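These are the residues of each chain, in order.
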Amino acid sequence: MKYAIIGVVALIIGILFGYILRKNHAEKLVGSAETQAKNLILDAENRAEALRKDTLTDARKEAHQIRMDAEKEIRERREDVKKAENRISQKEESIDRKLENIEKKEEGINRKMQSLTDKEKNIDEILKKQVDELERISGCTAEEAKAMLLRDIEHEVRREASIMIKDIESKAKEEADKNAKEIITMAIQRCAADQVAETTVSVVPLPNDEMKGRIIGREGRNIRAIEQATGIDLIIDDTPEAVILSGFDPVRREIARLSLEKLIVDGRIHPARIEEIVEKSTKEVERTIKEEGEAAIFELGINGVHPELVKILGRLRYRTSYGQNVLNHSKEVAHLAGLMAGELGFDVRLAQRAGLLHDIGKAIDHEQQGTHVDLGMEILRKYKESEAVIGCMASHHGDYEYTCAEGVLVAAADALSAARPGARRETLDTYIKRLQNLEEIANSTPGVESSYAIQAGREIRIIAKPDQVSDGEIQMLARDISKKIESELEYPGQIKVNVIRETRAVEYAK
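Conventions adopted
Residues numbered from 1 in each chain as written. Predicted model: local features only at pLDDT ≥ 70, side-chain atom pairs only at ≥ 80, totals over all residues. Heavy atoms only, no water. Helix = DSSP H or I, 4+ residues; strand = E, 2+ residues; numbered from the N terminus. Buried < 20%, exposed > 50% of the residue type's maximum accessible area, 1.4 Å probe, protein only. Areas by Shrake-Rupley, 256 points an atom, 1.4 Å probe, with all protein chains shown as cover. Axes fitted to C-alpha atoms, helices over the stretch in contact; angles between N-to-C directions. Parallel < 35°, antiparallel > 145°, perpendicular 65-115°, else oblique. Left-handed = near helix turned anticlockwise from the far one by under 90°. Contact = heavy atoms within 4.5 Å. Nonpolar A, V, L, I, M, F, W, Y, C, P; charged D, E, K, R; others polar. Pairing = 2+ DSSP bridges. Patch = residues over 30% accessible without salt bridge, like charges linked within 9 Å, V, L, I, M, F, W, Y side chains within 5 Å. Salt bridge = Lys/Arg side-chain N within 4 Å of Asp/Glu carboxyl O. Disulfide = S-S within 2.5 Å. pLDDT = per-residue confidence, 0-100. Lys, Arg positive; Asp, Glu negative; His and termini not counted. Charge placed at Lys NZ, Arg CZ, Asp CG, Glu CD. Expected span 1.5 Å × (residues − 1). Core = buried A, V, L, I, M, F, W, Y, C linked by side-chain atoms within 4.5 Å.

**Student:** Talk me through the overall build of the chain; I want residue IDs and the actual numbers.
**Tutor:** The helix and strand tally for the chain stands at 16 helices and 8 strands. The 510 residues of the chain split such that 31% are buried. As presented, the chain carries roughly 34,300 Å² of accessible surface, and 55% of it is formed by carbon and sulfur atoms.

Below is the structure:
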């Protein structure tokens, strides 16, 4: 019984001790869980705060970038507007200067017109007095004297004129040794012709139409950068796989063409790359210009040409006149003038030098005001060319008087180079119309039976009516037709008028 009670007491004490242990362990577990929960909450709050700060920083960066882009675009647009305002201001100043010059010229013309009017009045009074005196001396009026003269010489004028022409030609042949040089140079001079047409566009092929969008760039930045760097307008339209470059400066147009081709091959098209490529292309074209000028000088064996003048001469490599390359035309003129000078015993070196430089003004006539002759004179004087060369160059279009025979040869060589078949463009319709007009002029002349334009319009062969035109009158008929052609037609070179008179007698033996 005693041991049973002791066992019960021990059991109760063990239960109490186990309860106390479990309670302590449970309290420790609850405390640890609460601590972990607090740590998780703090960690979540820290992460949320860091995420909020990162998001706010990114938003501020993006807003700053957007503001920078907007400010850059505003600056670019302001620069474009400023440049446009400057161009407009310069044009207004140029117009004002031109208006002042025009007003001054008008005042001078009005003064000259008034002076001419006064002189005409004086001349009319003098003529009236002379006519009155002649009528008094002759005893007949002016109309009666005029009618009398016409009746007396009407049938003799054409015959005497024809005889006079033959006499002049006979005397010229007899004095050939004395006058040959002058006759030949003045005859060749009549070949001169004025024909002008310019090429102002270049076409750059594209590998595909998608390249057009890359050339334009975002909001047109690339195309605007190309136009600003080269000074040439880019025309991007519906033309498949092609971009058109438009501008009056042939050198700038060539730089733009080379730059665009290099950008297309490279594929990296952006403003910085565009500036780099344009700079490289500019140096390449300048090097080509110098080489072309030096090659022309070397080909003709000309010495002592100023280096800057050589560069200006090389610019003619990219200049055309009526489809004809001006540098090749200048070299051809130099060769022709030199050959003719050698045949006639003139200064070959002077003729070649003036022939090569005769169109030097065309290298800058799109940049400065004035004719290419006047600009060429300024250039040659600036680089210390001789007055003989300047005189030959200045007279090649008849703007100034000839100072020497070599100037006539340069003008003739210029006309020959331009007038030879195939040298310059001429449309088929214009060519056919010119031949038709040539034959119409001949057929409308009294005494002509028929006419035929041959040798590509360089000659017209005319059949005269033998019952209306005598052998002595065919020379006068040819001269009349040539004068009508000169006054009514525009043509390069010269046209040979060949009049043929044929009389046939037919009898039948029975």
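**Student:** Tell me about the packing of helix H11 (residues 348-357) against helix H13 (residues 387-394), and please be specific about residues and values.
**Tutor:** Axis separation between H11 and H13 bottoms out at 9 Å; the angle between their running directions is 55°. Regarding the angle of H11 to H13, the classification is oblique. Viewed along their axes, H11 and H13 form a crossing whose handedness is right-handed. Together, Leu350, Arg353, Ala354 and Leu357 of H11 and Ala388, Val389, Cys392 and Met393 of H13 make up the contact between the two elements. The class makeup of the residues in the contact of H11 with H13 is 7 nonpolar, no polar and 1 charged.

**Student:** Tell me about the sheet that holds strand S7 (residues 459-464), and please be specific about residues and values.
**Tutor:** Pairing is mixed in the open sheet, where 3 strands are placed in the order S6-S7-S8. Looking at the sheet topology across the chains shown, the edges are occupied by strand S6 (448-454) and strand S8 (496-501). Ignoring strand direction, the axes of neighbouring strands in this sheet form an average angle of 20°. Alignment of S7 against S8, held across 6 bridges, turns out to be parallel. Paired with Ala464 across the bridge in S8 is Arg501. Contacting S6, S7 and S8, helix H16 (residues 474-488) crosses the sheet at an angle of about 145° to S8.

**Student:** Account for a nonpolar patch on the surface, with residues named and values stated.
**Tutor:** Residues Ile5, Val9 and Ile13 make up a contiguous nonpolar surface patch of about 270 Å² in total accessible area. Locating Ile5 in the fold gives a position in helix H1 (residues 2-138).

**Student:** Mind laying out the state of the cysteines, listing which residues take part and the relevant values?
**Tutor:** A complete count under the given rule lists 0 disulfides for this structure. The thiol sulfur of Cys392 is not disulfide-bonded, and the nearest other cysteine sulfur, from Cys404, lies at 3.4 Å. Looking at Cys392, the relative accessible area reads 0%, which means it is buried. We classify Cys404 as partly exposed; its relative accessible area is 22%.

**Student:** Describe the confidence of the model for the chain, and please don't skip the residues or the numbers.
**Tutor:** Taken as a whole, the chain shows an average pLDDT of 79; of its residues, 85% reach a score of 70 or greater. Within the chain, helix H4 (residues 176-189) has the poorest average pLDDT of any element, 52, and S7 the best, 88.

**Student:** Just give me the short version of a negative patch on the surface, but keep the residues and values in it.
**Tutor:** Where like charges cluster on the molecular surface, the negative patch consists of Glu92, Glu93, Asp96, Glu100, Glu103, Glu106 and Glu107. Of note, Glu93 is situated in helix H1.

**Student:** For helix H10 (residues 326-344), give the residues involved together with the corresponding values.
**Tutor:** Taking 1.5 Å as the rise per residue, H10 with 19 residues should run 27 Å; its terminal C-alpha atoms sit 26 Å apart, in good agreement. Within the span of H10, buried status applies to Val326, Leu327, His329, Ser330, Lys331, Val333, Ala334, Ala337, Gly338, Met340, Ala341 and Leu344. Positive phi shows up at Gly345, right after H10, with a value of about 80°.

**Student:** Describe unusual backbone geometry, naming the residues involved and giving the relevant values.
**Tutor:** Within the chain, Glu219 stands out as a residue other than glycine whose phi angle is a positive 60°. When you line up the elements, Glu219 lands in the loop between helix H5 (210-216) and helix H6 (221-230). Residue classification places Glu219 among the exposed residues on the basis of a relative accessible area of 52%. Notably, Lys384 is not glycine yet its phi reads approximately 65°, a positive angle. If you trace the backbone, Lys384 turns up in the loop between helix H12 (372-382) and H13. Residue classification places Lys384 among the exposed positions, given a relative accessible area of 71%.

**Student:** Go over the nonpolar core with me, naming the residues and quoting the values.
**Tutor:** With 42 residues, the main nonpolar core has Leu309, Leu313, Leu356, Ile360 and Leu380 as its most contacted residues. If you list the elements that add at least two residues to this core, you get helix H8 (271-300), helix H9 (307-315), H10, H11, H12, H13 and helix H14 (405-419). Broken down by element, the residue count for this core peaks at 8 residues, all from H10. Beyond its immediate sequence surroundings of up to four residues, Leu313 is in contact with Gly293, Ala296, Ile297, Leu327, Leu356, Leu357 and Ile360. In terms of nonpolar packing, the next biggest core, distinct from the first, is built from 25 residues, Ile232, Val243, Ile255 and Ile264 among them.

**Student:** Can you lay out the pattern of salt bridges for me, pointing to particular residues and giving the numbers?
**Tutor:** Within this structure, the stated rule accounts for 21 salt bridges. In this structure, Glu76 and Arg224 form a salt bridge, with 3.8 Å as the shortest nitrogen-oxygen distance. With Glu76 in helix H1 and Arg224 in helix H6, the pair connects residues that are 148 residues apart, well separated along the chain. Residue Glu76 is classed as partly exposed on the basis of its relative accessible area of 22%. Residue classification places Arg224 among the partly exposed residues on the basis of a relative accessible area of 27%. If you follow the salt bridges from partner to partner, you end up with Asp266, Arg268, Arg273, Glu276 and Lys280 in one network.

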